[in-house]
Amino acid sequence: MEALKIDGTEDSPTVTLDLDANIMVLEGRSLPEDVNTFYEPVLSWLEEYSKNPLDNTVFNFKLSYFNTASSKVILDILTQFEEMIEEGHHVLVRWHFPEEDEDMQEAGEEYADMVDVPFEMVSYT
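Scope of this entry: the structure provided in the associated data block. Model, not experiment: these values are computed from the prediction.

Basis of the calculations
Residues numbered from 1 in each chain as written. Predicted model: local features only at pLDDT ≥ 70, side-chain atom pairs only at ≥ 80, totals over all residues. Heavy atoms only, no water. Helix = DSSP H or I, 4+ residues; strand = E, 2+ residues; numbered from the N terminus. Expected span 1.5 Å × (residues − 1). Bend = angle between axes of the 7 residues up to and from the residue. Buried < 20%, exposed > 50% of the residue type's maximum accessible area, 1.4 Å probe, protein only. Contact = heavy atoms within 4.5 Å. Polar contact = N/O pair within 3.5 Å; in protein donor to acceptor, adjacent residues only side chain to side chain. Pairing = 2+ DSSP bridges. Axes fitted to C-alpha atoms, helices over the stretch in contact; angles between N-to-C directions.

What to know about helix H1 (residues 35-49)
Here's step 1: Its 15 residues give H1 an end-to-end C-alpha distance of 21 Å, which sits within 8% of 21 Å, the value for a rise of 1.5 Å per residue.
Here's step 2: At Pro41, H1 shows its largest kink, close to 30 degrees.
Here's step 3: Listing the buried residues of H1 in full gives Val35, Phe38, Tyr39, Val42, Trp45, Leu46 and Tyr49.
Here's step 4: Structurally, H1 contributes buried residues whose contacts are with strand E1 (4-6), strand E2 (14-18), strand E3 (23-30), strand E4 (56-66) and helix H2 (68-86).
Here's step 5: Capping the start of H1 is the job of one residue whose side-chain oxygen sits 3.3 Å from the backbone nitrogen of Asn36: Asp34.

Written out as structure tokens, the structure reads:
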């Protein structure tokens, strides 16, 4: 499967979905002007990936900020992972957050409560 790489900007995250390098990450700030247009290739890639995933999928969220529109897309991504788990695949979400950023930590915990997907909370300095 071809890798999907989108360079981040001040308002949109860096996206790296690369099976050969075993990297799946959203990193940076997510408040793109048109959330649906920005995330459409990400959701399409994940939908295609879910048809024949790796034995163990590890997806890293390393977002420093996201807006309300992005939060819906994050839930859509997590729902795709939930469906993969229901089909018997192994998925782990790593939610990275600065240790002093309680809001980002709480956001990860709230997502973990919303979906039946294993979460690993990873704080950093």
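Text resumes after the structure shown.
Re the pairing of strand E6 (residues 119-124)
Here's step 1: Looking at chain direction, strand E5 (residues 90-98) and E6 are connected through six bridges and run parallel. For Phe97, the partnering residue across the bridge sits in E6 and is Ser123.

A short note on the sheet that holds E1
Here's step 1: Taken in spatial order, the six strands line up as E1-E2-E3-E4-E5-E6 in an open sheet, and their pairing is mixed. The sheet is open, and its two edges are formed by E1 and E6, each paired on a single side. Pairs of neighbouring strands in the sheet enclose a mean axial angle of 15 degrees, with direction left out of account.
Here's step 2: As paired strands, E1 and E2 are joined by three bridges and run antiparallel to one another. Directly across from Lys5, in E2, lies its bridge partner Thr16.
Here's step 3: Against the sheet, H2 contacts E3, E4, E5 and E6, and its axis sits at roughly 170 degrees relative to E4.
Here's step 4: Helix H3 (residues 102-114) rests against E4, E5 and E6 of the sheet, and its axis sits at about 160 degrees to E5.

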